[in-house]
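Chain and residue survey
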Amino acid sequence: QLQSKILILTVCAAGIGGTFQYGYNISIINAPTSYIQTFMNETWLDRTGVPLESNVILLLWSFTVSAYPLGGLTGAVVAGPMAIMLGRKMSLLLNNVFVIIAAVLSGFSRMAKSFEMIMVSRFFTGVNAGVSMNIQPMYLAESAPKKLRGAVALTSASFTALGLVLGQVVGLRELLGGEESWPFLLASNVVPALIQLTALPWFPESPRYLLIDRGDKESCISALQKLRGNSDFSAELEEMLAEQAAVKGQRAKNPWELFQNPALRWQLMTIVVLSSAMQLCGNDSMYFYAAYVFQEAGIPQDKIPYVVIGTGSCELITSVTCNMIIDYAGRRPLLLGGYILMAGWAIVFMVALSQQTQISWMPYLSMACIFAYILSFGIGPAGVTGVLPTEVFDQMSRPAAYMICGSLLWFNLFLVGTAFPFIVKSLAHFCYVPFLVVCICTALYVGFFLPETKGKSFLEISEEFKKRNFKAHTRAVFYKGPEEIKSTAL
C-alpha cells in the first residue's frame with residue numbers, strides 16, 4: 001500500500017505547516033494575554049516615564065489581536081496569484097518565510113523592549129495562515145483520487161483543530177504559558193514551519209496543476225505515479241485531459257470576473273453564503289464564552305484552562321470523525337445537520353444563560369451546550385466549507401474562488417471579533433440571536449439550493465451547476481434587477 005502511504009505523508013507534510021498554523025496561532029495568544037499587557041505597560045513606562053491607562057492598554061491589545069485577521073485577509077488575497085504563478089506546493093513552502101519572520105520578531109520582542117514587534121509578528125503570522133487556508137485544501141483536493149477527495153481535503157479542518165488543541169496545551173503554565181516564557185510561546189510556531197520545509201519538498205506537486213495550468217503531461221504522469229503507486233490511473237488522467245480540453249485557451253480568472261460571469265452565479269452564491277456562515281455562526285464566540293460559563297459552573301479558576309482544552313479536543317474529534325464519513329454521507333447532510341443542530345443548541349444555550357442564576361443545574365446545561373455546539377460545528381460546517389470551492393469551480397476559477405472565500409472568512413472573523421463584545425453588552429443573554437438567524441438561513445440555503453458533490457468528477461459537478469445557472473437564466477431573461485444588486489453588496 002505504498003501509494004496510500006505517500007498520499008497520507010503528503011497530507012501530513014502539507015498540513016503541519018499549513019492549516020495547523022492557523023489553529024495553533026489562534027490559541028497560543030490566549031495564554032499570555034495578561035503578561036503581554038503588563039509588558040506593554042512597562043515598556044511604555046520605560047520610554048516615557050508615564051504608565052498607560054487601562055483603556056489604552058485594551059486598545060493596544062485589540063490592535064495586537066486584530067493584526068492576525070488583517071494579515072489573514074492579506075494572505076488570502078495573495079494566495080490566488082501565488083497558487084497560479086508558483087504552483088500549489090511551492091506556495092506552501094515559500095509561505096513559511098512569513099512565519100519565520102514572525103517568530104524572530106516575537107521571540108526577540110522582550111529583549112528589544114518593543115511591543116510593536118509583537119503586533120507586526122501577529123500580522124505576518126496572519127499572512128501565513130491566510131495563504132495556507134486557501135492553498136492547502138486546493139493542493140490536497142487536486143492531488144487526491146476522486147473517491148477520497150472529500151476526506152483528503154477535509155484533513156485541513158482536522159489540522160486546524162489539532163493546532164488549536166496543541167496551542168492550548170503548549171500555552172499551559174507548566175509548559176510555555178508562564179510569565180518568563182511567553183516570547184518562546186509566541187515564537188514556537190517556527191517549529192511546524194521548519195518541519196514542513198524539510199518534509200514537503202520530497203512530495204509531488206498537484207498533478208492537476210501540472211497538466212492543466214502548466215500543460216506538462218510528463219510531470220503530471222510522474223506525480224500521479226508517485227501518489228497512486230501501482231493502481232491504474234488512466235481513467236483519472238482521461239478525466240484531467242478532458243478538463244484540460246474544456247478550459248483550453250482560457251487563462252486563470254480574477255475574482256471580479258467570477259462575479260460578472262452568469263455561468264458561475266450559483267457556485268459563487270454557494271461559497272459566499274457558506275464561507276460567511278462559517279465565521280458568523282458563532283462557533284469562535286463559544287470559545288470566548290467557555291471560560292465564563294465554566295467559572296459559573298463552579299470549576300475552580302486554575303482548572304479552567306484544562307477544561308478549555310476539552311472544547312478544543314471536541315472539535316478535533318468531530319473533524320476526524322467527519323473525515324471518515326464525508327465520502328459516505330456526502331456533503332449536504334453534514335452541512336444541513338450541522339447548522340440545524342447548531343440552531344437548536346443556540347436556543348437551549350440562551351435559555352440556559354438566562355436562567356443561570358435561578359436554577360442550580362443550569363450552568364451545567366450551558367456547559368453541555370458549549371460542547372454540543374462545537375461538536376455540531378465540527379461535524380459539518382468546519383470541514384465541508386473548505387472542500388466545496390475546490391469541487392464546485394473548475395481549474396481556472398478555483399484560485400479566484402479561494403481568494404473570495406478566504407477574504408470573506410477573514411473579514412468576518414475580524415467583524416465577529418470586533419462586534420461580539422458589543423453584542424454581548426447590548427443583548428446580554430440573548431447574544432446568540434444573530435448567530436441563530438445565520439444558522440437557520442444557512443440550513444435553508446443548503447436544503448434548497450446545494451446539489452450533492454460526493455463521488456462526482458469535477459466536470460460532472462460543473463455540468464450540474466450549468467443546468468442551474470441557465471435554468472434560472474431562461475426564466476429571468478426579462479428581469480435583471482436584484483442579481484446586480486446582490487453582486488455589488490458583497
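Residues numbered from 1 in each chain as written. Predicted model: local features only at pLDDT ≥ 70, side-chain atom pairs only at ≥ 80, totals over all residues. Heavy atoms only, no water.

**Some remarks on the nonpolar core**
- Residues Tyr339, Trp410 and Tyr432 are the most contacted members of the largest nonpolar core, which totals 75 residues.
- Tallying contributions element by element places helix 21 (residues 398-427) first for this core, with 10 residues.
- Non-local contacts of Tyr339, meaning those with residues more than four positions away in its chain, are made with Leu274, Ala277, Met278, Cys281, Pro381, Cys439, Thr442 and Ala443.
- Ile16, Tyr24, Ile57 and Leu140 belong to the second largest nonpolar core, which has 41 residues in total. (Core = buried A, V, L, I, M, F, W, Y, C linked by side-chain atoms within 4.5 Å. Buried < 20%, exposed > 50% of the residue type's maximum accessible area, 1.4 Å probe, protein only. Helix = DSSP H or I, 4+ residues; strand = E, 2+ residues; numbered from the N terminus. Contact = heavy atoms within 4.5 Å.)

**What to know about the state of the cysteines**
- Applying the stated criterion across every chain yields a total of zero disulfides.
- Summary of cysteine pairing: Cys281 is not part of a disulfide, and the nearest cysteine sulfur, belonging to Cys439, is at 5.3 Å. (Disulfide = S-S within 2.5 Å.)

**A few points about helix 4 (residues 54-85)**
- In this model, helix 4 (32 residues) spans 47 Å end to end at C-alpha, consistent with the 46 Å of a helix rising 1.5 Å per residue.
- Maximal helix bending in helix 4 amounts to about 35 degrees, located at Ala79; proline Pro81 follows within four positions. (Expected span 1.5 Å × (residues − 1). Bend = angle between axes of the 7 residues up to and from the residue.)

**Details of the environment of Ser54**
- When you line up the elements, Ser54 lands in helix 4.
- In this structure, the C-alpha to C-alpha distance between Ser54 and Asn41, residues 13 residues apart in sequence, is 9.1 Å.

**Observations regarding unusual backbone geometry**
- Although it is not a glycine, Lys113 adopts a positive phi angle of roughly 50 degrees.
- Tracing the backbone shows Lys113 in the loop between helix 6 (96-107) and helix 7 (116-143).
- Residue Lys113 is classed as partly exposed on the basis of its relative accessible area of 48%.

**What about the packing of aromatic side chains?**
- Scanning all chains against the criterion turns up 13 aromatic pairs.
- Centroid distance Phe98 to Phe124: 6.5 Å. Interplanar angle 15 degrees. Geometry classified as stacked. Remark: Phe124 occurs in helix 7 and Phe98 occurs in helix 6; sequence separation between them is 26 residues.
- On the basis of relative accessibility, which here comes to 23%, the residue Phe98 falls in the partly exposed class.
- By relative accessible area, which is 22% here, Phe124 ends up partly exposed.
- Joined through ring pairs, the aromatic side chains of Trp266, Tyr445, Phe448 and Phe449 make up one cluster.
- Arg122 extends its terminal NZ or CZ atom over the ring of Tyr68, reaching a point 4.6 Å from the ring centre. (Phe/Tyr/Trp six-rings, centres within 6.5 Å; stacked < 30°, edge-to-face > 60°. Lys NZ or Arg CZ within 6 Å of the ring centre and 35° of its normal.)

**With respect to the packing of helix 20 (residues 381-392) against helix 21**
- One way to put it is that helix 20 packs onto helix 21 with a least axis distance of 8 Å and a crossing angle of 150 degrees. Relative to helix 21, the element helix 20 is oriented roughly antiparallel. Relative to helix 21, helix 20 is oriented so that their crossing is right-handed. Taking contact as the criterion, the partners of Gly386, Val387, Pro389 and Thr390 in helix 20 are, on helix 21, Arg398, Tyr402 and Cys405.
- Residues of the contact of helix 20 with helix 21, tallied by class, amount to four nonpolar, two polar and one charged. (Axes fitted to C-alpha atoms, helices over the stretch in contact; angles between N-to-C directions. Parallel < 35°, antiparallel > 145°, perpendicular 65-115°, else oblique. Left-handed = near helix turned anticlockwise from the far one by under 90°. Nonpolar A, V, L, I, M, F, W, Y, C, P; charged D, E, K, R; others polar.)

**Re the environment of Tyr306**
- Along the chain, Tyr306 falls in helix 17 (residues 304-329).
- Contact partners of Tyr306, with chain neighbours within four places excluded, come to Leu172 and Glu174.
- Only 2.5 Å separates the side chain of Tyr306 from the side chain of Glu174, close enough to count as a polar contact. (Polar contact = N/O pair within 3.5 Å; in protein donor to acceptor, adjacent residues only side chain to side chain.)

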